[in-house]
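Here is how the chains run, residue by residue.
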Amino acid sequence: MNYTINKANLEVFSETLQSLAEQDSDIYVVTSDSRGSGKLVPYGQRFPEQIVEIGIAEQNLVGIAAGIASMGKKAFAVSPACFLTARALEQIKNDVCYSDNPVKLIGISAGVSYGALGSTHHSLHDYAVLRAINNITIVSPSDNFETEQTIRQAAEMTSPVYIRFGKKNMPDSLSGEAGRDFKIGKGRIIKEGKDLTFIATGEAVLPCAKAAEVLEKEHGISCTVVSMHTIKPLDSTLILNIAANGKPIITVEEHSVNGGLGEAVASLLFQNGSRNPFKIVGLPDDHTVSGSQVEIFEHYGISEKGLTNTVLTLTKS
Amino acid sequence: MEIKALQEKSKLYRRNILKYIYNAKAGHTGGSLSVIDILNVLYNRIMNVSPENFDSNLRDRYVQSKGHCVEALYVVLADKGFFPEEDLLTLCKYQSPYIGHPTKKIRGIEQNTGGLGHGLSICCGNALMAKKDKSPVRVFTILGDGEMAEGSNWEAFMFAAHYKLDNLCAILDYNKLQITAPNAEVMGLEPLDKKLEAFGWAVRQIDGNDIEALTQTLESLPFEQGKPSFVIAHTTKGKGISYMENVLKWHHGVPTAEQYEMALTELN
Ligand SMILES: Cc1ncc(C[n+]2csc(CCOP(=O)(O)OP(=O)(O)O)c2C)c(N)n1
């Protein structure tokens, strides 16, 4: 595959917001002492009138963002994913989703990006809890290209959206120059193959792309890799099309195996009669091992090597 | 422990905080250096808690609400003999139990914290039960000034006064800085003493890096019968290392080899 590792999606998010705010005085960024961790210091310097600081008070952050959005503004509420989606869950459910205030909730340093800071700082529950709430779109961009497109499209959305990403450097575009089509709600095929399919999201797509290369070169197994950046609404057409060949499907996510992308895909497949060999790769329901994001990924097999082994085991049996 | 000995301990603790943060290449340096004198006095002079009585229900309870400054707590607990100090060489490493926030996997730590604005509520529950049981147990927590913006703290302030929890003491490590900017710019707290008094707490203001002031103040708990006690401890973020003091980036800055040597020289 043809990509180069570029910047953190977080960085691209901040740049995109600045480019949007140049044209649009309705863009508002709302932060909870998260300006630095959100790479928003330059934004704050350029648009001091379009940033509102809340202090370390995530519930207040989401409530205030709902109020800002209901005044017709484009409110981006930016906070670490762990606090945004746990601490402020009731505000998300009632003030954003139920009251239909189109806030753009930006969960930064998501999944296990915070590594050895431990479980208080991990968000392995966010897809699960938000999937169960009506009236919210959930997006988890895998590369810089998807991040920029997501932010631009989210700015124009008139319903609530949650966007999460990590802070590790990611490829500019996993599909290279080709495949520069992007729409929230439509999965993106970044590589086509015929023997099995990885359906992955966020920073878990990259290890799938790497494993796909090894599997093809060293084991003659050709894989499709899908970046399922939108987890809700799920692109059921694409998934069912892929499943029609009866080949194995492996879902991969930086989230608990409970309630995330994997179970969403499983439910879709099962209810539509598909019986493809199927495996969910994610974080098990256990105390998460301590270490950096890379170490945690490797520990649980969300890595080139781990995924290659998973495929070899699945295709052998 | 006497004042002189406590002062020596603070120096040792500051050296160790830097040593283990430097080794881990991670940690909350500034806030650990601001809070360490408070922890020193609590553990070596005020609280009835030790490795020997840690399994007893009658031990005093300490919950670190500003959990990110766990390095300060680890260093004190190691010195108290809860675990071998050299364990801290694994801080933040793969599969180490010594992660970057308080964890009950480590003996001596009461609660898993790290999300801000949780400690005080847990302490309220502890203190209320100690009252119900007519137990001598006292309960302590340390908060950060940025952390004070969390609404849960203010819910707990109401609760503690309502239930007359005079066995509870909350200490604010008022170092005036948070991550983005000074506390006064991000979300100002003042006039804090008046707010807390209005919430029904007995409040004292002291220099929180002065061992003698800390000792005197914490030895006079409760400040008023029937009221929870609040210590506004004015501290300096990065205290003890000239180039770190009051400098924002040392919130979670890690010293280079050269900076580390310089810091050790300053502490000697
Ligand atoms: C609920 C929650 N929100 C955000 C954070 C991220 N965070 C960690 S430390 C910190 C700043 C804390 O500032 P302060 O309370 O003043 O602590 P100190 O300056 O003493 O380190 C923030 C925002 C967190 N740990 N928990």
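Residues numbered from 1 in each chain as written. Chains lettered and ligands numbered in written order. Predicted model: local features only at pLDDT ≥ 70, side-chain atom pairs only at ≥ 80, totals over all residues.

Draft legend 1. Looking closely at the overall build of chain B. The secondary structure content of chain B amounts to nine helices and five strands. Across chain B, helices and strands are ordered from the amino to the carboxyl terminus as α-α-β-α-α-β-α-β-α-α-β-α-β-α. Counting only C-alpha atoms, chain B reaches 50 × 45 × 35 Å along its principal axes. The buried share among the 268 residues of chain B stands at 52%. (Helix = DSSP H or I, 4+ residues; strand = E, 2+ residues; numbered from the N terminus. Buried ≥ 20, exposed ≤ 12 C-beta atoms within 10 Å, placed from the backbone.)

Draft legend 2. Up close: helix H12 (residues 304-316) of chain A. Residue and element names in this part refer to chain A. The end-to-end C-alpha distance of H12 is 18 Å, a good match for the 18 Å that 13 residues give at a rise of 1.5 Å each. Three or more residues of H12 are buried, namely Leu 307, Thr 308 and Val 311. Buried residues of H12 fall within an arc of 105° about the axis and therefore sit on the same side. Set apart from the buried face of H12 by more than 90 degrees, the exposed residues are Thr 313 and Lys 316. Residues of H12 that are buried sit in contact with strand E10 (196-200), helix H8 (205-219), strand E13 (249-256) and strand E14 (278-283). (Expected span 1.5 Å × (residues − 1). Arc of directions from axis to C-beta. Contact = placed C-beta atoms within 7 Å.)

Draft legend 3. Structural view of the sheet that holds strand E11 (residues 223-227) of chain A. Residue and element names in this part refer to chain A. Overall, mixed pairing links the five strands, which are arranged E9-E11-E10-E13-E14 in an open sheet. A single partner strand is all that each edge strand has here, and the edge strands are strand E9 (188-191) and E14. On average, each strand axis in the sheet is tilted by 25° relative to the strand beside it, whichever way the strands run. (Pairing = 2+ DSSP bridges. Axes fitted to C-alpha atoms, helices over the stretch in contact; angles between N-to-C directions.)

Draft legend 4. Fine view of the site of the ligand. Not every one of the 26 residues close to the ligand is listed here, only the nearest: B:Gly31, B:Leu116, B:Gly144, B:Gly146 and B:Gln178. The ligand sits at a junction of chains, with neighbouring residues supplied by chains A and B. A breakdown of the residues in the shell around the ligand according to their chemical character gives six nonpolar, twelve polar and eight charged. (Near = placed C-beta within 6 Å. Nonpolar A, V, L, I, M, F, W, Y, C, P; charged D, E, K, R; others polar.)

Draft legend 5. Spatial organisation of the interface of chain B and chain A. Contacts between chain B and chain A engage 23 residues on the former and 20 residues on the latter. Here the residues of the side of chain B that touches chain A are counted per class, giving nine nonpolar, twelve polar and two charged.

Draft legend 6. Main features of the environment of A:Tyr127. Relative to the elements of secondary structure, A:Tyr127 occurs in helix H6 (residues 126-131). Dropping the residues within four chain positions of it, A:Tyr127 is found in contact with A:Ile138, A:Ile231, A:His255, A:Gly259, A:Gly260 and A:Leu261.

Draft legend 7. Structural view of the domain arrangement of chain A. Residues and elements named next belong to chain A. We note that the domain assignment places domain 1 (5-171) and domain 2 (188-316) within chain A. On a C-alpha basis, the centroid separation for the pair domain 1 and domain 2 is 25 Å. Each side of the interface is counted separately: domain 1 has 27 residues, and domain 2 has 26 residues. Taken together, the residues of the side of domain 1 that touches domain 2 sort by class into eleven nonpolar, twelve polar and four charged. (Domains from an automatic or database assignment.)

Draft legend 8. Structural view of the packing of helix H2 (residues 29-46) of chain B against helix H3 (residues 70-79) of chain B. Residues and elements named next belong to chain B. Put simply, H2 and H3 touch, their axes get as near as 9 Å, and they point 35° apart. Crossing of H2 against H3: the hand is right-handed. Between H2 and H3, the residues in contact are Ser 32, Val 35, Ile 36, Leu 39, Asn 40 and Tyr 43 and Glu 71, Ala 72, Leu 73 and Val 76, respectively. Residues belonging to the contact of H2 with H3 are distributed by class as follows: seven nonpolar, two polar and one charged. (Left-handed = near helix turned anticlockwise from the far one by under 90°.)

Draft legend 9. Seen up close, the pairing of E11(A). Residue and element names in this part refer to chain A. Burial of E11 is extensive: five of the five residues sit out of reach of the surface. Burial along E11 is two-sided: the residues Cys 223, Val 225 and Ser 227 and Thr 224 and Val 226 are all buried. Bridge analysis of E9 against E11 gives three bridges, and the strand direction is antiparallel. From the neighbouring strand, Lys 191 faces E11, where its bridge partner is Val 225. In this fold, E10 hands off to H8, which returns the chain to E11; that crossover is right-handed. (Right-handed = clockwise from strand over helix to strand, strands pointing away.)

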